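Fold and contact review
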Amino acid sequence: MEIKVRVPKGFVLEKAVCNHGFFMMAPNCWMPSTKTLVRPIRLPDQRSVRVSISQPSTTFLSITAPDEPSLYSNSRVIKDQVKRMLRLSNADKEQLKKFHGLHTDAAKKGFGRLFRNPSLFEDLVKSLLLCRASFKESLELAEGLCVLQKRLNIEKGVVDPAKRGRKKQSFCVEESWGNFPSPQELAIFKNAILLNKKCNLGYRAQYVHELAKNITDGKIRLMDLEKLCDGNELYQKLMPLPGFGDFVSNNALMCMGFYDAIPCDSETVRLIKQVHQREDCDKKNMNVMAMEIYDRYAPFQTLAYWSELVDYYENKVGKLNELDRCLYKNVGGSAIEKTYISN
């Protein structure tokens with residue numbers, strides 16, 4: 001089964017995917033040799049189907065899924081989630097145009113569509129996983145959740161999406177992964193201790209479990225959050241959530257198309273010190289310094305910041321779209337620091 005999605009002029013799949021750590025985190029699987037993104041997509045009935053996304057033409061994407069009759073009626077659902085990941089909405093198009101008008105270097109590179117996940121829940125949880133962890137640790141935490149989801153499906157007797165339609169498809173993905181778990185799948189655990197025993201989230205298990213419970217209990221309505229048009233209002237709703245400090249909340253805002261508040265962390269300090277030669281930058285003043293550097297790109301400060309951050313990473317480890325999965329752990333954090341010192 002093939003679903004085609006028209007793309008705007010100048011769209012390049014690898015640039016829309018390989019620009020943020022989320023694309024490296026399970027269950028996303030970028031295949032450099034074929035420039036293809038492979039991952040499971042969740043259907044309305046909570047089943048998962050593994051899809052392959054490629055760009056055979058400058059004018060459209062090809063989404064390949066198993067050739068099952070039941071999937072044809074869900075082609076719109078699949079297409080919408082892919083468009084969300086790659087920011088192919090009209091609103092995204094307008095933001096990109098405005099950002100490129102302010103940032104000519106980003107325009108020349110075709111940078112500006114920061115990759116995100118098919119659902120806001122996955123964005124929120126992965127933002128928690130990125131906080132106060134090395135990137136290697138964040139990758140392992142995401143993998144643990146996807147392994148858990150597969151185990152839960154096995155217990156329920158659900159068919160593995162990697163096996164569905166295998167004769168007609170060749171997807172090179174981690175066999176141990178399932179999809180990223182839904183709020184309902186994580187909320188079945190009585191408490192965070194039981195969840196942690198299954199996937200080793202550590203102290204984050206409390207935050208992830210409580211988020212999942214609040215969503216399934218109706219205390220947090222993701223659709224209502226996604227409809228908000230005011231970034232400040234959204235920030236105020238996110239900050240009180242357990243684990244949602246400034247970094248996690250601003251990362252969530254970025255995922256939702258609000259780019260004026262940079263999610264600052266140790267990577268920000270490293271970038272400002274080494275690229276902008278501000279040796280006095282530290283965690284106490286990084287927000288102020290980031291504003292001084294990037295406010296001229298308002299309201300797209302985060303996009304300008306990430307444009308530099310991607311360049312910084314690629315100068316150290318090579319093109320992100322060409323990296324083997326085993327090298328993802330070398331992106332960011334102490335791994336970059338060691339590379340910088342050795343050079």
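Look up: the structure comes first, before these words.
Residues numbered from 1 in each chain as written. Predicted model: local features only at pLDDT ≥ 70, side-chain atom pairs only at ≥ 80, totals over all residues. Heavy atoms only, no water.

1. A closer look at the overall build of the protein chain
- For the protein chain, the helix and strand inventory stands at 17 helices and five strands.
- Here the C-alpha coordinates of the protein chain stretch approximately 55 × 50 × 45 Å along the principal axes.
- Considering the protein chain as a whole, with its 343 residues, one finds that 54% of them fall into the buried category.
- Expressed as a percentage of contacts within the protein chain between residues at least 6 apart in sequence, the contacts between residues at least 24 apart total 68%.
- For the protein chain, the accessible area works out to roughly 16,000 Å², and carbon and sulfur atoms hold 51% of it.
- Across the protein chain, the 52 positively charged side chains and the 40 negatively charged ones have centroids separated by 5 Å. (Helix = DSSP H or I, 4+ residues; strand = E, 2+ residues; numbered from the N terminus. Buried < 20%, exposed > 50% of the residue type's maximum accessible area, 1.4 Å probe, protein only. Contact = heavy atoms within 4.5 Å. Areas by Shrake-Rupley, 256 points an atom, 1.4 Å probe, with all protein chains shown as cover. Lys, Arg positive; Asp, Glu negative; His and termini not counted. Charge placed at Lys NZ, Arg CZ, Asp CG, Glu CD.)

2. A look at the pattern of salt bridges
- Applying the stated rule across the entire model yields 17 salt bridges.
- Arg 42 is the partner of Glu 185 in a salt bridge, and the nearest nitrogen-oxygen pair spans 3.5 Å. Here Glu 185 is found in helix H8 (residues 183-187), whereas its partner Arg 42 is found in strand S3 (residues 36-42), with 143 residues between them in sequence.
- A residue is classified by how much of its surface remains accessible, and Glu 185, at 8% relative accessible area, is buried.
- In this structure, Lys 109 engages Asp 311 in a salt bridge whose closest nitrogen and oxygen atoms are separated by 2.8 Å. Of this pair, Lys 109 sits in helix H5 (residues 104-109) while Asp 311 sits in helix H16 (residues 301-317), and the two are 202 residues apart along the sequence.
- On the accessibility criterion, Asp 311 (30% relative accessible area) is partly exposed. (Salt bridge = Lys/Arg side-chain N within 4 Å of Asp/Glu carboxyl O.)

3. A look at the packing of aromatic side chains
- For the coordinates displayed, the defined rule picks out seven aromatic pairs.
- Their ring planes at 80° and their centres at 5.8 Å tell us that Tyr 294 and Tyr 305 sit as a pair that is edge-to-face. Highlighted residues: Tyr 294 in helix H15 (residues 286-294) and Tyr 305 in helix H16, separated in sequence by 11 residues. Note on accessibility: Tyr 294 and Tyr 305 belong to one class, buried.
- Through pairs of rings, three or more aromatic residues link up here, namely Phe 99, Tyr 259 and Phe 300.
- It is Lys 4 that lies over the ring of Phe 60; its NZ or CZ is 4.6 Å from the centre.
- Taking the ring centre of Phe 111 as reference, the NZ or CZ of Lys 109 above it sits at 5.7 Å. (Phe/Tyr/Trp six-rings, centres within 6.5 Å; stacked < 30°, edge-to-face > 60°. Lys NZ or Arg CZ within 6 Å of the ring centre and 35° of its normal.)

4. Thoughts on empty space enclosed by the protein
- Under the criterion given, the structure shown has one cavity of 30 Å³ or more.
- Of the pockets and cavities examined, the largest cavity occupies roughly 50 Å³.
- What lines the largest cavity is simply Arg 87, Asp 92, Gln 95, Leu 96, Gly 112, Arg 113, Tyr 259 and Leu 303. (1 Å grid on protein atoms, 1.4 Å probe; cavity = no way out; pocket = protein on both sides within 12 Å on 5 of 7 lines; lining within 4 Å. Points joined across faces, edges and corners; volume = space filled by probe spheres on them.)

5. Regarding unusual backbone geometry
- In this chain, Ala 26 is followed by Pro 27 through a cis amide linkage whose omega measures 5°.
- Following the sequence through the fold, Pro 27 ends up in the loop between helix H1 (13-17) and strand S2 (29-31).
- Pro 299 follows Ala 298 through a cis peptide bond whose omega is 5°.
- One non-glycine residue with positive phi stands out, namely Gln 46, at about 80°.
- Here Asn 200, not a glycine, exhibits a phi torsion of approximately 55°, which is positive.
- Tracing the backbone through its elements, the reader meets Asn 200 in the loop between helix H9 (192-199) and helix H10 (204-216).
- Judged by relative accessible area, which is 60%, Asn 200 ranks as exposed.

6. Section: the packing of helix H6 (residues 120-130) against helix H13 (residues 246-255)
- Here H6 crosses H13 at 140°, and the two axes come no closer than 9 Å. Comparing their axes, H13 and H6 come out oblique. The two elements H6 and H13 cross, and the hand of that crossing is right-handed. Between H6, through Asp 123, Leu 124, Ser 127, Leu 128 and Leu 130, and H13, the contact on the second element is made entirely by Phe 247, Val 248, Asn 251, Ala 252 and Cys 255.
- When the residues that make up the contact of H6 with H13 are grouped by side-chain class, the tally is seven nonpolar, two polar and one charged. (Axes fitted to C-alpha atoms, helices over the stretch in contact; angles between N-to-C directions. Parallel < 35°, antiparallel > 145°, perpendicular 65-115°, else oblique. Left-handed = near helix turned anticlockwise from the far one by under 90°. Nonpolar A, V, L, I, M, F, W, Y, C, P; charged D, E, K, R; others polar.)

7. With respect to the layout of surface pockets
- Here the largest pocket defines a volume of roughly 820 Å³.
- Looking at the lining of the largest pocket, the elements that each hand over two or more residues are H6, helix H7 (135-156), H10, H13, helix H14 (266-275), H15 and H16.
- Taken together, the residues of the lining of the largest pocket sort by class into 20 nonpolar, 12 polar and six charged.
- Counted as a void, the second largest pocket has a volume near 660 Å³.
- Along the wall of the second largest pocket there are 26 residues; nearest its centre are Pro 118, Ser 119, Leu 120, Phe 121 and Leu 222.
- If you list the elements that add at least two residues to the lining of the second largest pocket, you get S3, helix H3 (75-86), H6, H8 and helix H11 (222-227).
- Each residue belonging to the lining of the second largest pocket can be placed in one class, and the counts come to 14 nonpolar, six polar and six charged.

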